[in-house]
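Summary of the model geometry
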Amino acid sequence: MTDLFNSLHQIALWTAIISALSLGAHLTLSLRCPELGLWPAAEGWRHHLAFGIFRVFCGATVVFAICEVFVGGFGHWARYAIGLPIMIVAFGITLRGYKFLGLDNTYCESDGLVTGGMYAYSRNPQYVTSVLATVGLGITSGSLITLGFAAALFALYFLFVLNEERWLLQGYGRAFAEYMKTTPRFVDERSLLRVHQNIKEAL
């Protein structure tokens, strides 16, 4: 069993690294040569290629983190007490974002610009919470490399966003330009102030 986890550990590590580099190159090419239409893409081979590589990276990261526990040992209970709640809550918010935005809009359809709910705090709340969930996974597994993959995930999301903003500006024009002015790309002090204000109003 130990040999199995050691093998999976190495396979997952290199799969995550190669897929992250491949997707980074793909999104950078899309940014520099938008006429290729590599991303965003609502359907077809371009859509499946980008999301396929992305899912391989995410899956490999999860498998690697699990293997880290079995290869390196279960470690101190505190890492589970801290990491698991971060991972579960952040992932739960990510899933809620899919429901709020709608799967079609999430996967690059143009079903209307959404600026309410969690999108009043961040233009890309699902990206923020997905990174936080990966940070929670890294803490839970006690893996610095998994935390490095969380940083790589943020870098990939940043490239996704740069491509998507161009597309959204073309599709929604002034409405999205105004939204960009009032709401942060990820999270900043405006997000925290709005959370604080909503809590005060609720009380």
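Attention in this report is confined to the structure presented alongside it. (Residues numbered from 1 in each chain as written. Predicted model: local features only at pLDDT ≥ 70, side-chain atom pairs only at ≥ 80, totals over all residues. Heavy atoms only, no water.)

Considerations on unusual backbone geometry
The condition that has to hold: Elements are defined by DSSP. Helices are runs of H or I of four residues or more, strands are runs of E of two residues or more, and each kind is numbered from the N terminus.
Cis peptide bonds are those with omega within 30 degrees of zero, and the linkage from W39 to P40 qualifies with 0 degrees. In this structure, P40 sits in the loop between α1 (2-32) and α2 (44-72).

Topic: the packing of α1 against α2
Definition in use: An axis is simply a line fitted to the C-alpha atoms; with a helix, the fit covers only the stretch in contact. Between two such axes, the angle follows the N-to-C directions and lies from 0 to 180 degrees. An angle below 35 degrees is treated as roughly parallel, one above 145 as roughly antiparallel, one from 65 to 115 as roughly perpendicular, and anything else as oblique. For a crossing to be left-handed, the near helix must be turned anticlockwise from the far one by less than a right angle; the clockwise case is right-handed. Here the term charged refers only to Asp, Glu, Lys and Arg, the term nonpolar to Ala, Val, Leu, Ile, Met, Phe, Trp, Tyr, Cys and Pro, and the term polar to all other amino acids, Gly among them.
Two elements in contact, α1 and α2, have axes separated by 8 Å at closest approach and are oriented at 150 degrees. Relative to α2, α1 is oriented roughly antiparallel. Relative to α2, α1 is oriented so that their crossing is left-handed. When grouped by side-chain class, the residues that make up the contact of α1 with α2 number 19 nonpolar, seven polar and one charged.

Examining the packing of aromatic side chains
Rule in force here: The pairing test for Phe, Tyr and Trp rings, Trp by its six-membered ring, is centres within 6.5 Å, and the orientation test on the planes gives stacked under 30 degrees, edge-to-face over 60, and tilted for anything in between. Between buried and exposed lies partly exposed: a residue is buried under 20% and exposed over 50% of the maximum accessible area for its type, with that area taken using a 1.4 Å probe on protein chains only.
All chains considered together, the criterion is met by 14 aromatic pairs. With a centroid separation of 5.7 Å and 50 degrees between ring planes, the pair formed by F54 and Y157 is classed as tilted. With F54 in helix α2 and Y157 in helix α6 (residues 144-172), this residue pair connects regions lying 103 residues apart in the sequence. Judged by relative accessible area, which is 6%, Y157 ranks as buried. An angle of 45 degrees between the planes, with centres 6.4 Å apart, marks the rings of Y157 and F160 as tilted. Of this pair, Y157 and F160 both sit in helix α6, three residues apart, roughly one helical turn. The rings of W39, F51, F54, Y127, Y157 and F160 are connected pair by pair, giving a single aromatic cluster.

Quick notes on the side chain of S191
Short version of the rule: Contacts are assigned to residue pairs with any non-hydrogen atoms lying within 4.5 Å of each other.
By secondary structure assignment, the location of S191 is in helix α8 (residues 189-202). Excluding its chain neighbours within four sequence positions, the residues that come into contact with S191 are Y121, P184 and F186.

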